[in-house]
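One letter stands for each residue in the lines below.
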Amino acid sequence: MARSNRKVVPESREVLNQWKYEIAAEFGLPVGGADGAGGTDTEFAGELGALGGSSSGGYWGHLTSREVGSVGGEITKRLVAQAERDFSL
């Protein structure tokens, strides 16, 4: 069966991209910025999504699989927590 990376809610793409850079900054990972290898002040994590570059997510090739996976895992944890809050109302 072919796999698809299609978003169920296409409008969520920007929010998820912003979360990705915010979480990377919280973890102290060097992503974003003009040079693609960091250099952005992580104090301003909310702005990193705008600095991250293209819609393809920018360059993260200098990070380990564990580092990138930890960002994805944290996004998943936050999405589950948000869903639990929404359903508990």
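Structural data are supplied above this passage.
These lines cover the structure that appears in this document, whether it is placed above or below. (Residues numbered from 1 in each chain as written. Predicted model: local features only at pLDDT ≥ 70, side-chain atom pairs only at ≥ 80, totals over all residues. Heavy atoms only, no water.)

### Notes on the overall build of the protein chain
Move 1: The helix and strand tally for the protein chain stands at three helices and zero strands.
Move 2: Walking the protein chain from its N terminus toward its C terminus, one meets helices and strands in the order α-α-α.
Move 3: Long-range pairs, those at least 24 residues apart, make up 61% of the contacts in the protein chain between residues at least 6 apart in sequence. (Helix = DSSP H or I, 4+ residues; strand = E, 2+ residues; numbered from the N terminus. Contact = heavy atoms within 4.5 Å.)

### Quick word on the packing of aromatic side chains
Move 1: Tallied over the entire structure, the rule returns one aromatic pair.
Move 2: Taking the centre distance of 5.5 Å and the plane angle of 65 degrees together, the rings of Tyr 21 and Trp 60 count as edge-to-face. Placement of the pair is Tyr 21 in helix H1 (residues 13-26) and Trp 60 in the loop between helix H2 (48-51) and helix H3 (65-88), with a sequence separation of 39 residues.
Move 3: Owing to a relative accessible area of 1%, Tyr 21 belongs among the buried residues under this scheme.
Move 4: Overall, Trp 60 belongs to the buried group, its relative accessible area being 13%. (Phe/Tyr/Trp six-rings, centres within 6.5 Å; stacked < 30°, edge-to-face > 60°. Buried < 20%, exposed > 50% of the residue type's maximum accessible area, 1.4 Å probe, protein only.)

### Examining H3
Move 1: Taking 1.5 Å of rise per residue, the 24 residues of H3 would be expected to cover 34 Å, and the 34 Å separating its terminal C-alpha atoms lies within 8% of that figure.
Move 2: Among the residues of H3, those classed as buried are Val 71, Glu 74 and Ile 75.
Move 3: If you follow the buried residues of H3, they end up packed against H1. (Expected span 1.5 Å × (residues − 1).)

### Let's talk about the nonpolar core
Move 1: Membership of the largest hydrophobic core is limited to nine residues, which are Tyr 21, Ile 23, Ala 24, Leu 29, Val 31, Trp 60, Leu 63, Val 71 and Ile 75.
Move 2: Contributing elements (two or more residues each) for this core: H1 and H3.
Move 3: The element that contributes the greatest number of residues to this core is H1, accounting for three residues.
Move 4: Setting aside residues up to four positions removed in sequence, Trp 60 forms contacts with Lys 20, Tyr 21, Ala 24, Val 31, Val 68 and Val 71. (Core = buried A, V, L, I, M, F, W, Y, C linked by side-chain atoms within 4.5 Å.)

### Details of the pattern of salt bridges
Move 1: If you walk through the whole model with that rule in mind, you get three salt bridges.
Move 2: Across the salt bridge formed by Glu 26 and Arg 78, the nearest N and O atoms sit 2.6 Å from each other. Placement of Glu 26 in helix H1 and of Arg 78 in helix H3 is noted, with a sequence separation of 52 residues between them.
Move 3: Of the residues examined, Arg 78 reaches a relative accessible area of 23% and is grouped as partly exposed.
Move 4: Across the pair Arg 78 and Glu 74 runs a salt bridge whose closest N-O atoms are separated by 3.1 Å. Within this pair, Arg 78 and its partner Glu 74 are both found in helix H3, separated by four residues, close to a single helical turn.
Move 5: When salt bridges that share partners are traced, they join Glu 26, Glu 74, Lys 77 and Arg 78 into one network. (Salt bridge = Lys/Arg side-chain N within 4 Å of Asp/Glu carboxyl O.)

Any link to function would need more than the numbers given here.
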